[in-house]
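# Summary of the model geometry
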Amino acid sequence: MRILVTGGAGFIGSHLVRRLLAKGQNHVVNLDALRYSGNLENLTDVAAHSRYIFVHGDICDATTVEKVLKEQGVEVVINCAAETHVDRSILDPNSFARTDVVGTAVLLEEARKAGVARFLQVSTDEVYGSVEIGSSKEDDALVPRSPYSASKAGGDLLVRSYWTTYRFPVLITRGSNTYGPNQYPEKFIPLFITNAMEDQPLPLYGDGRHRRDWLSVFDHCGGIEHVVRHGEPGCVYNIGGGNERENIEVARMILKQLGKPMSLIRFVQDRPGHDRRYAVDCSRLRALGWSPTVPFEEGLKAAVEWYRSNLTWWRKIKSGEFRAYYERVYRQRLEGTG
Ligand code: TYD
């Protein structure tokens, strides 16, 4: 297959590119705008691969997208390009509407015009909103509550509309909270790992008892690949890890593994509109033959080890643009704690 992965220099995208290259005879085109979290260092091991090509460009730019689809003879599109961090969406909602809604619309329309055989939208379980009890099924209502999840829901619904309107063969995956190597350290798990390694406080929002279902990036990519191969056009598939944990429990696991004191945990002012819990029912994807393989304890341990062995990777990030961002989100929160 000739596959276009957008956002292939990001966290999930780079793992997906690597996985697709390792399997069969896929040709992979990576289209990435290389904004703050896109990092070609995530792909140094495959940069010279004969079936891989990188194109620097934005999914919002129809001319670039049209050219890539045509020149590379793309058969399958997997859209991983997105703004993804809730706290950033609170600071700058418009960039989320731009990439996650407009970017998806542009990519989708160009893919339809080019007649690609399959279009997979990497969506998120956050589109269901906060789920206090039970778990979300694919046909549940979308009740997103942050500019991030609302933008992803916009993209998700647009993609679905192309099936009902044009019978364009789309697929949608809604993955749960993903973790693993190469995750930009603004997200909870890598932020807490790297802060702990630097003996910096771990800013836990609110009472720390919000719950997330943790999914290894390897299982997430396995799920995406499974849906590309076996999914039914027009269908949505939840992907969850089956590892529901309270944030405070995860923070404690990280500190324990690093041999750092629990006193590094700081309870700080909550995130506005903070969703209490996410949980997805994955029976549809399981019925298709997929199941997660990485137990959370093992996956987290491996992730901690990765950040321990890749100091240069994350220190470079944390000393750049990230510093100003961290100041904006955490300075006031952390003042006067500890
Ligand atoms: P995050 O990784 O931002 O993912 P999402 O909000 O999309 O689920 O956060 C995961 C959980 O961790 C969420 O409940 C918010 C919480 N959290 C903190 O307590 N402190 C932090 O500094 C961050 C980034 C997240």
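Coordinates for the structure precede this section.
Bringing the environment of W290 into the picture now. Residue position: W290 is located in the loop between α9 (283–287) and α10 (296–309). For W290, a relative accessible area of 6% translates into the label buried. Linking W290 and R277, residues 13 residues apart in sequence, is a C-alpha distance of 24 Å.

Here the focus is the pairing of strand β8 (residues 202–205). Residues L202 and L204 line one face of β8 and the alternating positions P203 and Y205 line the opposite face, and both faces are buried. As paired elements, β8 and strand β13 (residues 265–268) share four bridges and run parallel to each other. In the strand pairing of β13, P203 is matched with R266.

Under the criterion given, the structure shown has two cavities of 30 Å³ or more. If you trace the second largest cavity, you find it lined by V86, E126, S146, R212, R271, G273, H274, D275 and Y278. A class-by-class count of the residues in the lining of the second largest cavity yields two nonpolar, three polar and four charged.

Another point: the sheet that holds strand β5 (residues 118–124). On the basis of which strands lie adjacent, the open sheet formed by seven strands has the order β3-β2-β1-β4-β5-β6-β11 and parallel pairing. Bordering the open sheet on either side are β3 (52–56) and β11 (235–239), each of which pairs with just one other strand. Each strand of the sheet is rotated relative to its neighbour by a mean of 20 degrees, with strand direction disregarded. Relative to β3, strand β2 (residues 27–32) is paired through five bridges, and the arrangement is parallel. By the bridge assignment, N30 is partnered in β3 with F54. Its contacts with the sheet place helix α2 (residues 62–71) against β1 (2–6), β2, β3 and β4 (76–79), and it is angled at close to 170 degrees to β2.

The next thing to look at is unusual backbone geometry. The backbone of L34 sits at a positive phi, close to 50 degrees, despite the residue not being glycine. The topology assignment puts L34 in the loop between β2 and β3. A positive phi angle is found at D199, which is not glycine, with a value near 55 degrees. Along the chain, D199 turns up in the loop between α6 (188–197) and β8.

The subject of this paragraph is the packing of α6 against helix α8 (residues 247–258). With their axes 10 Å apart at the nearest point, α6 and α8 run at an angle of 35 degrees to one another. Classified by chirality, the crossing of α8 by α6 is right-handed. Two secondary-structure elements touch here, α6 through F188, I189, F192, I193, A196 and M197 and α8 through N247, V250, A251, I254, L255 and L258.

Moving on to the environment of G320. Tracing the backbone shows G320 in the loop between α11 (311–318) and α12 (322–334). The exposure class of G320 is partly exposed, given its relative accessible area of 35%. As for G320 and W306, which are separated by 14 residues in sequence, their C-alpha atoms are 20 Å apart.

An α-helix turns once per 3.6 residues; consequently, residues spaced three or four apart project the same way. Where burial is concerned, most of α6 is hidden: 10 out of the 10 residues are buried. Buried residues of α6: F188, I189, P190, L191, F192, I193, T194, N195, A196 and M197, and no others. Each element contacted by the buried residues of α6 is listed here: β7 (178–179), β8, α8, α10, α11 and α12. Looking one or two residues beyond α6, the residue adopting positive phi is D199, at roughly 55 degrees.

What follows covers the nonpolar core. Note that soluble globular proteins tend to have their nonpolar side chains buried in a common cluster. Counting 38 residues, the largest nonpolar core has I189, F192, I193, I254 and F296 as its most contacted members. Among the elements of the structure, α6, β8, α8, β13, α10, α11 and α12 are those that each provide at least two residues to this core. When near neighbours in sequence (up to four residues on either side) are disregarded, I254 contacts I189, F192, I193 and L300. Counting residues in hydrophobic clusters, the runner-up holds 29 residues, among them L16, L20, L43 and I224.

A separate point is the site of the ligand. Neighbouring residues of the ligand: 20 residues in total, closest E126, R212, R271, H274 and Y330. E126 is positioned such that a nitrogen or oxygen atom in its side chain is 2.4 Å from an oxygen atom of the ligand. Relative to its unbound accessible area of 510 Å², the ligand is 98% covered by the protein chains. Its residues placed into classes, the shell around the ligand shows nine nonpolar, five polar and six charged.

What the rule picks out here adds up to 18 aromatic pairs. Aromatic pair W306 and W313: ring centres 5.1 Å apart, planes at 75 degrees, arrangement edge-to-face. Like W313, W306 is buried. Judged by centre distance (5.9 Å) and plane angle (55 degrees), the rings of F322 and Y325 are tilted. Of this pair, F322 and Y325 both sit in helix α12, three residues apart, which is roughly one turn of the helix. Considered together, F322 and Y325 belong to a single accessibility category, that of buried residues. Directly above the aromatic system of Y325 lies the positively charged group of R88, at a separation of 4.0 Å from the ring centroid. Here R112 stacks its cationic end above the ring of Y166, 3.9 Å away from the centre of that ring.

Definitions and cut-offs
- Residues numbered from 1 in each chain as written.
- Predicted model: local features only at pLDDT ≥ 70, side-chain atom pairs only at ≥ 80, totals over all residues.
- Heavy atoms only, no water.
- Helix = DSSP H or I, 4+ residues; strand = E, 2+ residues; numbered from the N terminus.
- Buried < 20%, exposed > 50% of the residue type's maximum accessible area, 1.4 Å probe, protein only.
- Pairing = 2+ DSSP bridges.
- 1 Å grid on protein atoms, 1.4 Å probe; cavity = no way out; pocket = protein on both sides within 12 Å on 5 of 7 lines; lining within 4 Å.
- Points joined across faces, edges and corners; volume = space filled by probe spheres on them.
- Nonpolar A, V, L, I, M, F, W, Y, C, P; charged D, E, K, R; others polar.
- Axes fitted to C-alpha atoms, helices over the stretch in contact; angles between N-to-C directions.
- Contact = heavy atoms within 4.5 Å.
- Left-handed = near helix turned anticlockwise from the far one by under 90°.
- Core = buried A, V, L, I, M, F, W, Y, C linked by side-chain atoms within 4.5 Å.
- Near = heavy atom within 4 Å.
- Polar contact = N/O pair within 3.5 Å; in protein donor to acceptor, adjacent residues only side chain to side chain.
- Areas by Shrake-Rupley, 256 points an atom, 1.4 Å probe, with all protein chains shown as cover.
- Phe/Tyr/Trp six-rings, centres within 6.5 Å; stacked < 30°, edge-to-face > 60°.
- Lys NZ or Arg CZ within 6 Å of the ring centre and 35° of its normal.

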